[in-house]
Amino acid sequence: MADPFGTAAIRARVLAGWAASPARFREDANAEEDLVRGGYRDRVVVELAQNGADAALRAGGPGRLSLRLAGDVLVASNTGAPLDAAAVESLSTLRASAKRADAAGTVGRFGVGFAAVLAVSDDPSIASSTGAVRWSVNGARASVLGLPSLAEELIGRQGQVPSLRLPWPDDASPEPGFDTTVRLPLRDEVARDLTRRLLEEVDDALLISRPALTEVAIDVDGVRRVLGDPSRWLVVRRSGGLDPALLADRPVEERGSLAWSVAWALPLAGQPAPTTLHAPTPTDEPLELPAMLIASFPLDPSRRRVAPGRLTDFLVAAAAGAYAELAVESGDGLAVVPPPAVVGALDSALRTAVVAALAEAPVLCADDGSRLRPADAVAVVGADASLRAVLAEVLSGLVADHPALARLGIRRLELADVVDLMSELRRQPSWWRRLYDALSGSGVGLDALGALPVPLADGRLVRGPRGALLPAWLDDRPDERRDDQPQDPRSDGVAADLSVLGLRLVHPAAVHPLLRRLGAAEATPRSILADPAVRAAVENQDDQGDLGDLDEPARLDDVAAAVLGLVAAAGAEPQELPWLGDLLLRDDQGELAAARDLVLPGSLVDRVAEPDALGRPDPRLLARWPASVLTAVGVLSNFGLLREEDVSVDDSCEHDLPDELDWVDAVLDAVPAGDLPPLLPELVAVRDLDLVRADAWPVALDALARDPALRAAVLRPARVLLGDGRLADAPSYTAWWLGRHALLDGRTVSSLVTPEAVDLFGVYDVVPPGLDTAFLAAIGVQPSLRSLLDAPGGPDDLLARLADVRRVVSADQLSRIYRALAAVDPDLVSPPDRVRVDETTSVEASQAMVVIAPHHLQANWTTPPLVVPLSVAGALAVVLDVATSGELLAEVAVGGIDEGVDRPVPAVVARLLGGATPATWWEHDELMVGDGALDWWVSADSTPHACTIDGLARALAWAAGRWEARLVVAAVLADPARVDELVAEARLEG
């Protein structure tokens, strides 16, 4: 058999070396076993493919590879440079590659790749167009058995020998159409299963990592598939020469290879990229990148891991640059941004370098198709394509948002931040509407749009739709919303020029429903009136800083015209918006005056007000605007009402009402005191009553009484909420004020009484006839003696008036008054300075005395005593804080010229008076009390004294407690026979 590759010489040389050095035999055996069981245990397919690729490279043309599993044999055939002697020797040396000086692109560096076949076969062979060679485990074992020096080693290794060191010639030929064929009889079923699995796992990555192969055909038991569809992958390859300094730390055998290569392959058909580095054969170096990396990284001796060093660092940088090119060519750079998770040291280094390279490469695609570097790009979180189309006009470098952008260092702006950046933006109103339309359809949350700029009709741009007004007079037809549309449209009688009011009126071309959702209000006349800008315009008409050059009278008239037009269109009611009273209007003298300082000619207020207290509106205003509009802005016609809720009844109660704090004091006096100030849930008061002239009060009061709202403000008491939660009533402010200031016939109403109060006639004046007495009673006109005494301060006022003897009072009237006064709580009455004691006399209170017993009337008093019914005399003395007759006579001795005679009371008198009749009485010729002579007396021990029959009758009646029977007793004493008659008559009286 021919031996074209000199295999016999190789065997002889190897066997001689082993015979001479059993240690070399052991070293070769261990090395081969390490390769087969370690780094090359599952590499048979990729190593066969690599050999085919290297053969194609050496031949300088495209190569084809066929891998066929038929039964128990794997056959690999390839085109390219055929086997030669150097290659056979390399295959048989384990550590010396014949590819060292080959053209750039060959991969073998150790001469050990073929060892992978031993993982599945004991009898591999190679047939090439130049010859054939085979290896055999059994042949190698037989050869070793012939060497006595290795007998002990062979025993120690249990018959295991290195078979690849001993080649034999073979007479096989390559398969037709191929230059070289490798045949591998598979060792057993395990080897066959492994081979089948490895063949099934072969995919496009095999071709991509070996570009010298243009076709790989795989046949597994008759089922054939062909690899080589370039449309499934996007591949970027880069290569070049190496600086020898980068190889200084590499093994000597590698330093001669000064070429480097990097390839990235991005799957296009949805299949995942391999998760390990190819160098170019698969390694155990994990990579979690969207594309497959095939690069000439230096490997450690296991050929499973990348060796660290300068060359690896160089290739990492080169790979990053190529990856950036891959991202650009892919058209979707964000799809290939490395995910954040790191799976290894090389993976981490590659991610860092790749992200840095991507940041400087035009990997992003803007919506207009232009390419951008991440460093020049910006994204808006949540912005869809329609929103980006608008924002791109003001944000350069705008790209679609993507989570991967953050890893590239791109500015990702929240929409709220973009809104803030727009605050100084100048665009046509129609552009803003396009923005609102895009925002409305983007699903962006409203919270991010609170400061969204809004163009106004007056040319201003304001932050935030809240408080802006949407012109309700516009329809929704886009073709009528023009940027040059007049800024002052009219609607519902609203004055055309509203700009003088400083309103935030949205430009018609920018109106959009989104603004309403964000707080803009429909610009109806009423909503415009509710805008704070209108109130500010009214209250600050003379403030040049707010509304421009307001010194110009025409400008002030414009403000008035705008406000009056809004009021007319809104149908506002008088006092509905009290601040409108500050509106400056022209008066009939051409001067400016606040609306509340003007009065409608011929109106109620005009008829009752003091002359010149109020001005009158300019006749042109009266001609243009109806009375309802002028009164709605505060021009006076009828009396106005003040309404306010939750008013504290203390010194902070200030509502521009005359004498208001005095009323507060009166309320505090009328309700129980507490730790907290009382609260009025609602204050209702009639305004402008202080304008009424003295002679016009009958007209004014009649008007107040007739108007239901004004009448209620007078009649309804002020309901006061006390600090402890209780409620108490106090006089309303209006009733209180009218009672002190309203005049009738020149007299305050509190000095008058109604025609029903007959007990007070003379003491008080009676109101003129024809007035509403119920209304008058509410403002202080007293309808009765009782109501006067129940009113705060009423008893004091009554006593003061009684003391004036010019006021005519009858005896009966005076008695009724004092009887009523006696029932008043003394704590509610201030002691008077003078006391009326009879129809014509009043005395100093210190000289006044109330008679409390009938016999005291006989005393010689220096001043007239006050005589009232005995039943109330004591109580009245306490109320008036004056002395009683009993107190003044307590020390006065009672006696006569003679000592008197003790006599029995006649039986007829005892029968008439009953069991309380004294048993005896003292008869005197003359009876003296002090310096005065008397007819009768009853001593402190109830003993009767008398010197006349009539005196005796009175003494016995008073002593018996039957003062009303005194006249009947006198009749019985005069004619005792009449006793039966008089007793019977007494029974008739009950």
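Everything numeric here is computed off the predicted structure, so don't read it as measured data. Residue numbers run consecutively from 1 along every chain, following the written order of its sequence. Per-residue local features are limited, in this predicted model, to residues with pLDDT of at least 70; the limit for side-chain atom pairs, both in listing and counting, is 80 or more; totals at the level of whole chains, interfaces and linings are taken over all residues. Water and hydrogen atoms play no part in the side-chain values, which are based on all heavy atoms of the structure.

S.K.: Residues and numbers for the overall build of the protein, please.
M.R.: Per the secondary structure count, the protein includes 36 helices and 43 strands. Throughout, the radius of gyration refers to the C-alpha atoms, and the reference size of a globule is 2.2 Å times the residue count to the power 0.38. Its C-alpha radius of gyration of 63 Å places the protein more than 25% over the 30 Å reference for a compact globule of 990 residues. In terms of principal-axis extent, the alpha carbons of the protein reach across some 195 × 80 × 50 Å. Note on contacts: a residue pair is in contact if any heavy atoms of the two residues lie within 4.5 Å. In the protein, of all internal contacts separated by at least 6 residues, the share reaching a separation of at least 24 is 65%. Summed over its atoms, the accessible surface of the protein is roughly 44,400 Å², and 52% of this surface lies on carbon and sulfur atoms. We score Asp and Glu as negative and Lys and Arg as positive, and we do not count His or the chain ends. The location of each charge is read from NZ of Lys, CZ of Arg, CG of Asp or CD of Glu. In the protein, 90 positive and 146 negative side-chain charges are present, and the distance between their average locations comes to 15 Å. A helix here means a DSSP run of H or I that spans at least four residues, while a strand means a run of E at least two residues long, and both kinds are numbered starting from the N terminus. Only the protein chains shown count as covering a residue, and every accessible area follows the Shrake-Rupley method with a 1.4 Å probe.

S.K.: Can you lay out a nonpolar patch on the surface for me, pointing to particular residues and giving the numbers?
M.R.: Like-charged residues are merged into a patch within 9 Å and nonpolar side chains (Val, Leu, Ile, Met, Phe, Trp, Tyr) within 5 Å, provided each residue has over 30% relative accessible area and no salt bridge. Each reported salt bridge corresponds to a side-chain nitrogen of Lys or Arg within 4 Å of a carboxyl oxygen of Asp or Glu. Residues V758, F761 and V766 make up a contiguous nonpolar surface patch of about 210 Å² in total accessible area. The cut-offs for exposure are 20% and 50% of the maximum accessible area for each residue type, with area from a 1.4 Å probe on protein chains only; residues under the lower value are buried, those over the upper are exposed, and the others partly exposed. By relative accessible area, which is 30% here, V766 ends up partly exposed.

S.K.: Can you lay out the packing of aromatic side chains for me, pointing to particular residues and giving the numbers?
M.R.: Geometrically, a pair of aromatic rings is defined through the distance of the ring centres and the angle of the planes. Only centres within 6.5 Å qualify two rings of Phe, Tyr or Trp (six-membered ring in Trp) as a pair; their planes then separate them into stacked at under 30 degrees, edge-to-face at over 60, and tilted for everything else. Counting across every chain of the model gives 11 aromatic pairs. On the numbers, 4.7 Å between centres and 85° between planes, the contact of W264 with Y323 is edge-to-face. Taken together, the positions of W264 in strand β10 (residues 259–267) and Y323 in helix α10 (residues 310–330) put the pair 59 residues apart, joining distant regions of the chain. What links up through ring pairs into an aromatic cluster is the set W431, W432 and Y436. Consider the ring centre and the ring normal. A charge sits over the ring if Lys NZ or Arg CZ is within 6 Å of that centre and within 35 degrees of that normal. The ring of F178 has R64 lying over it, and the distance from NZ or CZ to the ring centre is 4.8 Å. The side chain of R427 reaches across the aromatic face of W431, ending 5.9 Å from its centre.

S.K.: Now, about the sheet that holds strand β39 (residues 920–923): what can you tell me, with residues and values included?
M.R.: Strands pair, by our definition, only if DSSP identifies at least two bridges between them. Here we have 4 strands laid out as an open sheet, ordered β38-β39-β43-β42, and mixed in their pairing. Of all strands in the sheet, those with a lone pairing partner are β38 (901–904) and β42 (936–938), marking the two edges. Pairs of neighbouring strands in the sheet enclose a mean axial angle of 25°, with direction left out of account. With 2 bridges connecting them, β39 and strand β43 (residues 944–946) associate as parallel partners. Considered in β43, the bridge of E923 is made with A946. Where helices are involved, their axes are fitted lines through C-alpha atoms of the stretch in contact, as for all axes, and angles between N-to-C directions lie from 0 to 180°. Here helix α34 (residues 949–959) sits on the sheet and contacts β39, β42 and β43; the angle it forms with β42, its principal contact strand, is near 15°.

S.K.: Quick rundown of the side chain of E175? Include the residues and the values.
M.R.: With respect to the helices and strands, E175 occurs in the loop between β5 (167–170) and β6 (180–185). The exposure class assigned to E175 is buried, which follows from its relative accessible area of 14%. Not counting the four nearest positions on each side in its chain, E175 is found in contact with R68, V75, S77, T181 and R183.

S.K.: Summarise the pairing of strand β12 (residues 282–286); cite the residues concerned and give the values.
M.R.: Here β12 shows a clear split, with T283 and E285 buried on one side and none of P282, D284 and P286 buried on the other. The pairing of strand β11 (residues 276–278) with β12 spans 2 bridges and is antiparallel. Across the sheet, residue H278 finds its bridge partner in β12, namely P282. Taking the residues that link successive antiparallel strands as the turn, the β11-β12 hairpin has 3 residues.

S.K.: Could you give me a rundown of the packing of helix α29 (residues 794–802) against helix α30 (residues 811–822), with the residues and numbers involved?
M.R.: Interaxial distance between α29 and α30 falls to 12 Å at its minimum, and their mutual angle equals 150°. Relative to α30, the element α29 is oriented roughly antiparallel. The chirality of how α29 crosses α30 is left-handed. Residues P795, L798, L799 and L802 of α29 touch α30, and the partners they reach there are L814, I817, Y818 and L821. Here the residues of the contact of α29 with α30 are counted per class, giving 8 nonpolar, no polar and no charged. Relative orientations are named as follows: roughly parallel for angles under 35 degrees, roughly antiparallel for angles over 145 degrees, roughly perpendicular for angles from 65 to 115 degrees, and oblique for any other angle. Crossings are classed by handedness, with left-handed meaning an anticlockwise turn of the near helix from the far one by less than a right angle and right-handed meaning a clockwise turn. Gly is placed with the polar residues, together with every amino acid not listed as nonpolar (Ala, Val, Leu, Ile, Met, Phe, Trp, Tyr, Cys and Pro) or charged (Asp, Glu, Lys and Arg).

S.K.: Any details on helix α31 (residues 870–880)? Residues and values, ideally.
M.R.: Of the residues making up α31, those classed as buried are V872, A873, L876, A877, V879 and L880. What you see down the axis of α31 is that its buried residues fit within an arc of 160°, all on one side. Facing away from the buried side of α31 by more than 90 degrees, the exposed set consists of S871 and V878. Tucked inside the fold, the buried residues of α31 contact α29, α30, β33 (834–836), β35 (849–850) and β36 (883–884). For this quantity, the arc is that covered by the directions from the helix axis to the C-beta atoms.

S.K.: Any details on a negative patch on the surface? Residues and values, ideally.
M.R.: There is a patch of like negative charges on the surface, built from D651, E654, D656, D659, D662, D665, D669 and D690. Within the secondary structure, D656 sits in the loop between β25 (641–648) and α23 (660–670).

S.K.: Tell me about the sheet that holds strand β16 (residues 378–380), and please be specific about residues and values.
M.R.: Here 3 strands make up an open sheet; going across it, the order is β17-β16-β18 and the pairing parallel. On the outer flanks of this sheet lie β17 (398–399) and β18 (411–413), each paired with one strand and no other. Sheet topology places β16 next to β17; 2 bridges connect them, and they run parallel. Across the sheet, A379 pairs through a bridge with V399, a residue of β17.

S.K.: Residues and numbers for the nonpolar core, please.
M.R.: Joining through side-chain atoms within 4.5 Å is the link that ties buried Ala, Val, Leu, Ile, Met, Phe, Trp, Tyr and Cys residues into a set, and such a set is a nonpolar core. V44, L48 and V216 are the most contacted members of the largest nonpolar core, which totals 60 residues. Of all the elements, helix α3 (residues 44–59) adds the most residues to this core, at 7 residues. Excluding its chain neighbours within four sequence positions, the residues that come into contact with V216 are L65, L67, L206, L207, R225, V226 and L227. Counting residues in hydrophobic clusters, the runner-up holds 56 residues, among them F639, L657, W663 and W736.

S.K.: Lay out the environment of D420 in plain terms, naming residues and giving numbers.
M.R.: Tracing the sequence through the fold places D420 in helix α13 (residues 415–421). On the basis of relative accessible area, D420 is assigned to the partly exposed category, the value being 36%. The sequence separation of D420 and A448 amounts to 28 residues, and the corresponding C-alpha distance is 9.9 Å. Not counting residues up to four positions away in its chain, the partners in contact with D420 are A451 and R463.

S.K.: A description of the pattern of salt bridges should follow, citing residues and the corresponding values.
M.R.: When their charged atoms lie close together, side chains carrying opposite charge are able to pair. For the structure shown, the criterion picks out 47 salt bridges. Two residues, E539 and R535, come together in a salt bridge whose shortest N-O distance is 2.7 Å. With E539 and R535 both in helix α17 (residues 532–539) and 4 residues apart, the pair spans about one turn of that helix. What makes E539 partly exposed here is its relative accessible area of 36%. On the basis of relative accessible area, R535 is assigned to the partly exposed category, the value being 40%.

S.K.: Tell me about the environment of R232, and please be specific about residues and values.
M.R.: One can find R232 in the loop between β8 (223–227) and β9 (233–241). Given a relative accessible area of 32%, R232 falls into the partly exposed group. What R232 contacts, discounting residues up to four positions off in sequence, is D204, L266, P267, L268, A269 and Q271.

S.K.: An account of the packing of α30 against α31 is requested, with residue identities and associated values reported.
M.R.: One way to put it is that α30 packs onto α31 with a least axis distance of 8 Å and a crossing angle of 75°. The orientation of α30 with respect to α31, classified from their angle, is roughly perpendicular. Between α30 and α31, the residues in contact are Y818, R819, L821 and A822 and V872, A875, L876, V879 and L880, respectively. Within the contact of α30 with α31, the residues separate by chemical class into 8 nonpolar, no polar and 1 charged.

S.K.: Describe in detail helix α24 (residues 697–706), supporting the description with residues and values.
M.R.: Along α24, the residues classified as buried are W697, A700, L701, A703, L704 and A705. In this structure, the buried side of α24 is in contact with α20 (604–608), β26 (679–686), α25 (708–715), α26 (733–741), β29 (743–744) and α27 (773–778).

S.K.: Could you give an account of unusual backbone geometry, naming the residues involved and the relevant values?
M.R.: Not every positive phi belongs to a glycine, and D221 is a case in point at roughly 55°. You can see D221 is positioned in the loop between β7 (213–220) and β8. Here D221 falls in the partly exposed class, since its relative accessible area comes to 38%. Of note, D646 is a non-glycine position whose phi angle comes to about 55°, a positive value. Here D646 lies in strand β25. Note on D646: relative accessible area 54%, which makes it exposed.

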